[in-house]
Amino acid sequence: MINEIISMNGYGSYVWSAFSFTLISFASLYFVIKLQLSKEQNRFVSKFGSLNVEKARVARSQKINKEILSNTSNI
Amino acid sequence: MFKSFEPNKIFAITSKAPKYVLFLFIIVLSVGLTEALILSPEDYKQSHAVRIMYVHVPSAWISLGIFSCLALFSIGSFIFKNKNFSLISKSLAPSGFVFNIIALVTGSIWGKPTWGTWWAWDARITSMLILALFYLMYLLAWRIYQDKEYVIKITSFIAILGAINVPIIKFSVDWWNSLHQITSVNVFSNTSIHISMLIPLGIMTAAFTLFSLLIFLMKYNTELIKLKNKGLDRL
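Sequence order sets the numbering: in each chain, residues are counted from 1 along the sequence as written. Whichever chain is written first is A, and whichever ligand is written first is 1; the rest continue in order. Only residues with pLDDT of 70 or above have their local features reported here, since the model is predicted, and side-chain atom pairs are shown and tallied only from 80 upward, although totals for entire chains, interfaces and linings are computed over all residues. Note: side-chain values were computed over all heavy atoms of the structure, leaving out hydrogens and water.

1. Structural notes on the overall build of chain A
Labels follow the DSSP assignment, with helices taken as runs of H or I lasting at least four residues and strands as runs of E lasting at least two, numbered in each case from the N terminus. The helix and strand inventory of chain A stands at four helices and zero strands. Looking at the 75 residues of chain A, the share that counts as buried comes to 33%. Only the protein chains shown count as covering a residue, and every accessible area follows the Shrake-Rupley method with a 1.4 Å probe. Split by element, the accessible area of chain A, about 4600 Å² in all, is 60% carbon and sulfur. The classification of residues rests on relative accessible area computed with a 1.4 Å probe and restricted to protein chains. Under 20% of the type maximum is buried, over 50% is exposed, and intermediate values are partly exposed.

2. Describing the interface of chain B and chain A
Residue contacts are defined here by distance: any two heavy atoms, one from each residue, within 4.5 Å place the two residues in contact. Tallying the contact residues gives 53 residues for chain B and 38 residues for chain A. When chain B packs against chain A, close to 4000 Å² is buried across both sides, 79% of that on carbon and sulfur atoms. By salt bridge we mean one thing: a side-chain nitrogen of Lys or Arg within 4 Å of a carboxyl oxygen of Asp or Glu. At the junction of chain B and chain A, the tally comes to zero salt bridges. Where the side of chain B that touches chain A is concerned, the elements lending two or more residues are α1 (7-14), α2 (17-39), α3 (53-80), α4 (83-115) and α8 (195-234) of chain B. Taken together, the residues that form the side of chain B that touches chain A break down as 33 nonpolar, 10 polar and 10 charged. In this description, buried area is defined as the sum, over both parts, of the accessible area (probe of 1.4 Å) that is lost when the two are combined. When residue character is reported, Ala, Val, Leu, Ile, Met, Phe, Trp, Tyr, Cys and Pro are called nonpolar, Asp, Glu, Lys and Arg charged, and the others, Gly included, polar.

3. A closer look at the nonpolar core
Among the buried residues, those of types Ala, Val, Leu, Ile, Met, Phe, Trp, Tyr and Cys that are joined through side-chain atoms within 4.5 Å form a nonpolar core. Grouped together as the largest cluster of nonpolar side chains are 81 residues, with contacts concentrated most on Met53(B), Phe208(B) and Phe211(B). Other than its neighbours up to four places away in sequence, Met53(B) contacts Pro58(B), Trp110(B), Ile193(B), Met197(B) and Leu201(B).

4. Structural notes on the packing of aromatic side chains
Ring geometry is summarised as follows: Phe, Tyr and Trp rings, the Trp one being its six-membered ring, pair when their centres sit within 6.5 Å, and such pairs are stacked at plane angles under 30 degrees, edge-to-face over 60 and tilted between the two. All told, the structure shown has 16 aromatic pairs over all chains when counted by the stated rule. Plain terms: the ring middles of Phe26(A) and Phe211(B) are 4.1 Å apart, the flat faces sit at 15 degrees to each other, and that makes the pair stacked. Taken as a pair, Phe26(A) in helix α2 (residues 12-49) and Phe211(B) in helix α8 lie in two separate chains rather than in one. Of the two residues examined, Phe26(A) and Phe211(B), each falls in the buried class. Here the aromatic rings of Trp119(B) and Trp121(B) are separated by 5.4 Å at their centres, their planes lie at 75 degrees, and the arrangement is edge-to-face. The exposure class of Trp121(B) is exposed, given its relative accessible area of 65%. In this structure an aromatic cluster arises from ring pairing among Phe26(A), Phe25(B), Phe99(B), Phe208(B) and Phe211(B). Only when the NZ atom of a Lys or the CZ atom of an Arg is both within 6 Å of the ring centre and within 35 degrees of the ring normal do we say a charge sits over the ring. Across from the ring centre of Phe171(B), 5.3 Å away, lies the NZ or CZ of Lys170(B), which sits over that ring.

5. Describing the side chain of Ser47(B)
Within the element layout of this structure, Ser47(B) appears in the loop between α2 and α3. For Ser47(B), the contacting residues outside a window of four places in its chain are Asn9(A), Tyr11(A) and Glu42(B).

6. Some words on the pattern of salt bridges
Taken as a whole, this structure holds five salt bridges over all chains when the rule is applied. For the salt bridge of Glu40(A) with Arg43(A), the shortest nitrogen-to-oxygen distance reads 3.2 Å. Within this pair, Glu40(A) and its partner Arg43(A) are both found in helix α2, separated by three residues, close to a single helical turn. Judged by its relative accessible area of 6%, Glu40(A) falls in the buried class. Relative accessible area serves as the criterion here: at 37%, Arg43(A) is assigned to the partly exposed category. Measuring nitrogen to oxygen at the nearest pair gives 3.0 Å for the salt bridge that ties Lys83(B) to Glu149(B). Here Lys83(B), found in helix α4, pairs with Glu149(B), found in helix α6 (residues 148-162); they are 66 residues apart in sequence, far enough to count as distant. Taking relative accessible area as the criterion, Lys83(B) reaches 46% and is therefore assigned partly exposed.

7. Brief notes about the side chain of Asn221(B)
Assignment of secondary structure puts Asn221(B) in helix α8. What makes Asn221(B) buried here is its relative accessible area of 4%.

8. Considerations on the environment of Tyr30(A)
Following the sequence through the fold, Tyr30(A) ends up in helix α2. Under the relative-accessibility criterion, Tyr30(A) is labelled buried at 15%. In this structure the C-alpha to C-alpha distance between Tyr30(A) and Ser13(A), which are 17 residues apart in sequence, comes to 25 Å. Apart from residues lying up to four places away in sequence, Tyr30(A) is in contact with Leu22(B), Phe211(B), Leu214(B), Ile215(B) and Met218(B).

Right under this line is the structure:
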């Protein structure tokens, strides 16, 4: 049964390489995009941390900034 | 008119959605892979090589669908001067490009046992290669040009010009002699593919669509945070 699934009547190398290429492409794209997202989030947090009290208050008044800060801990 | 499209309003949704989409994608992909690799029958002519269809066809469909969306959002960006449209297009492009490459590579792998060759300058294959070049130009334009207004114009132009190629890809098998068979899956008329193969094809298409949605959401969030980082610099 297992051998049959692997060899697929001699077509196994074609089928498995096509599926492997697809899944490796998915994984690569996912990790590249995730890395870019984490990088931007970390940059945002460090920039936010360097703001003085007044600027931080202004920045915090924007809802989206609060959302970014709250989501950073979830990544 | 497009107030609901404002990034500030939709970030609350787009920032939370990826984890749910990822969870759903893993479930649908697992079912799809089991169907495609184990449960679906082999073809009477192509034997097990037909299983490559379950990754090749959805990838081609989605890359075409995403490019059509790029073109529509680019037209929208031109007409309504809505910058969020170009942000959406920019976020869609990476997954569209990867799906296009997957379609070309898996098609090449499928071509060897079926047609006896890895590559042929067939109308559909060539037009898919041209689409990949348009995706590449689109992505490179965002990297090369720094002027925001200019890059939006250039990328919109590339997307609209590239969209001419989309119907050529779709109808290439009808207009020219091609190694590809004519369309087997039709939404508006009879589908010639057997239900035992149509179900795994549908599940794999759903899984791939979820993956492109996941990548889109993550990329869109990245672009929004990038904009907010620039906003903090200006404070």
